[in-house]
Structures are given as C-alpha cells and as structure tokens.
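# A structural walkthrough
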Amino acid sequence: MSHTKLIVDSGTTKTDWLIARGSTVLGSVSTKGLNPYFQSYEDIQKEIENVVFRGIKPFPVDSVSIDKVHFYGAGCVFDKVEIMREAIASCIPAREINVFSDLLAAAHSTCGNEAGIACILGTGSNSCLYDGKKIVKNIPPLGYILGDEGGGVMLGRILVGDVLKEILPKPLRDTFYERFPMTQADILDHVYKQPFPNRFLAGFSPFLYENMDKPEIRLILVNAFKSFIMRNVMQYDRKEYPVNFVGSIAYQYREILKETVESAGLRTGKIIKNPMKGLIDYYVED
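Residues numbered from 1 in each chain as written. Predicted model: local features only at pLDDT ≥ 70, side-chain atom pairs only at ≥ 80, totals over all residues. Heavy atoms only, no water.

According to the stated counting rule, one finds 14 aromatic pairs in the structure shown. Taking 5.5 Å as the distance between ring centres and 80 degrees as the angle between the ring planes, the aromatic pair formed by phenylalanine 176 and tyrosine 177 counts as edge-to-face. With a relative accessible area of 30%, tyrosine 177 lands in the partly exposed category. Considering the side-chain rings of phenylalanine 225 and tyrosine 253, the 6.3 Å spacing of their centres and the 50 degrees angle between planes classify their relative orientation as tilted. Taken as a pair, phenylalanine 225 in helix H10 (residues 215–231) and tyrosine 253 in the loop between helix H11 (248–252) and helix H12 (254–263) lie far apart in primary sequence, 28 residues in all. Across the pair, exposure class does not vary: phenylalanine 225 and tyrosine 253 are buried alike. An aromatic cluster of three or more residues is present, and its members are Phe176, Tyr177, Phe180, Phe200, Phe204 and Phe207. The side chain of lysine 80 reaches across the aromatic face of tyrosine 37, ending 5.1 Å from its centre. A cation over an aromatic ring shows up here: arginine 238 above the ring of tyrosine 241, its NZ or CZ 4.4 Å from the ring centre. (Phe/Tyr/Trp six-rings, centres within 6.5 Å; stacked < 30°, edge-to-face > 60°. Buried < 20%, exposed > 50% of the residue type's maximum accessible area, 1.4 Å probe, protein only. Helix = DSSP H or I, 4+ residues; strand = E, 2+ residues; numbered from the N terminus. Lys NZ or Arg CZ within 6 Å of the ring centre and 35° of its normal.)

Structure, rendered in structure tokens:
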C-alpha cells in the first residue's frame, strides 16, 4: 500500500510542495524559497508553519494526512540538514522525515536508478557523479561568490557588469535600462547592502532570454555554460555517462546548453525545468 507522502523541492528562489499517494497527486502549492545557509531556523519554521496553516490545496496538512516527508533543498548539507529536519518536525508530525540536498533531487529525478551525471542550473549551479543509488563525487559549487558557474546569479552578475562597464553595445544598454529603470547606485546598493543579492542578480536573467538572439548576449550564455562544463562536469572524467540537467536556466537555454555540452565531447541526457515529476516516479512504490 502506498503511503501519503509530502515531496518538497526547495530552491533559493522558490519551494514546490506536493502531496501524493502512489502516482496520484493530491495537492500542490508553491511558496518562496527556503535555504538554511541564508535563513535562520526561526524564519524557516515560520514559513513552514504558514504552509501548514494554508494547506496544500485542496489537501490539508496534518498528522493524519502525511506519513512521510521527502524534503530536497538548496543548502541542505552538513549541519544544515538537521536544522531543516527539526524545522519540519516542529510543524509536520509525520512518521518519517527525510532531508536531502537539491542535488540528490536532480539525480533521483533525471537518473532514477541508473548511473549518470546530474546537474543543477537554476539560481545557482551544482553537479555530481551518481552511481544509480547515491552521489559518489561532487565538485563543490562554492556559492555565488566563488562558483555557481552558469547559474542565474552568475549570468546576472556578468550581464550587469557588462552594462555598467559599457561593454555591451549602447542599444542593448538602453534596452536594459528601459527594462530595469535603475541607476548604477541603485544596483550597487542592492548588491552590497541589501539582503539576498543573489536573488536580485538572478532576476536579470529574463533580459538574457529576451535578447539571446543578439550575438553579445549569446556569447555571455555560451561562455557561462562552457565555464560550468569545464570547471565542474569535466572533473568527473566519465565521458560515457549522460549529462542531465534540472533547473529554470538549464531548461530556458536548453538549445544553447545542449550545443555547449556536445561541443565538449559529452552526451546530453535529460534537460528538465523541475524535478518534481521525476521525484513522483522515483517514489511511486514508496
């Protein structure tokens, strides 16, 4: 008999909550992102309480309804796993609560029980070598200051830098300022003084999508994806494995990404926007 399970996919920008029994979805809702590296236990607990209070429409969240929680989240590594588990347990008294990294969500969703390379390209970026059961190697992503190559924050940072330094042609800069009416001082204030500068920088990604027919914008995308492949994927030295991707950036720019992967002599696997469908399939017998 299938259990009623709550599957959660949480990134820095957005969290998807889904209740399922077997392959049947009973309810779902999306809320703001949760990340224990950037938020306190109290902030995370409050957000989970809000979800429980509102319910995952049309299904209520209570101790009778949920047997198992499978929570996959950005920043859910090392000691942060227990912080997230305790926050969930304080709000949802399920019989079993599992907390995994968002990287394992990418592996479970795209690879299932097969070996492969699983990558995330969303607000940030990450990758791993997966043997069909567990992650066996992970090149550290290092966050949006030291790493996160190819992710939305890096793309936004490069774009804004090219605008402010007047590297992009003037017509493109004018279009940028029409799309985002702010001054250099406004941008610097958001990046260096306001909370969540990573979310702010990732918010410029739509401009790249809207203008990716321009050679200067396409070059930004190609170079960013090349950097991700060379500094992360190639480190696994397993060219025979398919390279799978999950995330809004990967899906949005999938054609350019696929070309970049294959130009490196690698084989492209799945490129999906959201891991949830794959996670439902992964836990269908759970």
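More follows now that the structure is in view.
Attention now goes to the side chain of serine 10. Structurally, the position occupied by serine 10 is in strand E1 (residues 4–10). Residue classification places serine 10 among the buried positions, given a relative accessible area of 1%. For serine 10, the residues in contact, after removing those within four places along its chain, are Thr15, Gly33, Leu34, Phe71, Tyr72, Gly73, Ala74 and Asp102. (Contact = heavy atoms within 4.5 Å.)

The next thing to look at is the pairing of strand E7 (residues 125–130). Extensive coverage of E7 is indicated by the burial of six of its six residues. Both faces of E7 are covered, namely the face carrying Ser125, Ser127 and Leu129 and the face carrying Asn126, Cys128 and Tyr130. Pairing of strand E6 (residues 116–121) with E7, which is carried by six bridges, proceeds in the antiparallel orientation. Within E7, the position partnered with cysteine 119 by the bridge is serine 127. A loop of three residues connects E6 with E7, the two strands running antiparallel in sequence. (Pairing = 2+ DSSP bridges.)

For the rest of this paragraph, the subject is the pattern of salt bridges. Across all of its chains, the model carries twelve salt bridges by this definition. With a closest N to O distance of 3.9 Å, glutamate 96 and lysine 68 form a salt bridge. A residue pair is termed long-range when its members are at least 10 positions apart, and glutamate 96 in strand E5 (residues 96–101) and lysine 68 in strand E4 (residues 68–73) qualify at 28 residues. Its relative accessible area of 26% is what places glutamate 96 among the partly exposed residues. Overall, the relative accessible area of 9% leaves lysine 68 in the buried class. (Salt bridge = Lys/Arg side-chain N within 4 Å of Asp/Glu carboxyl O.)

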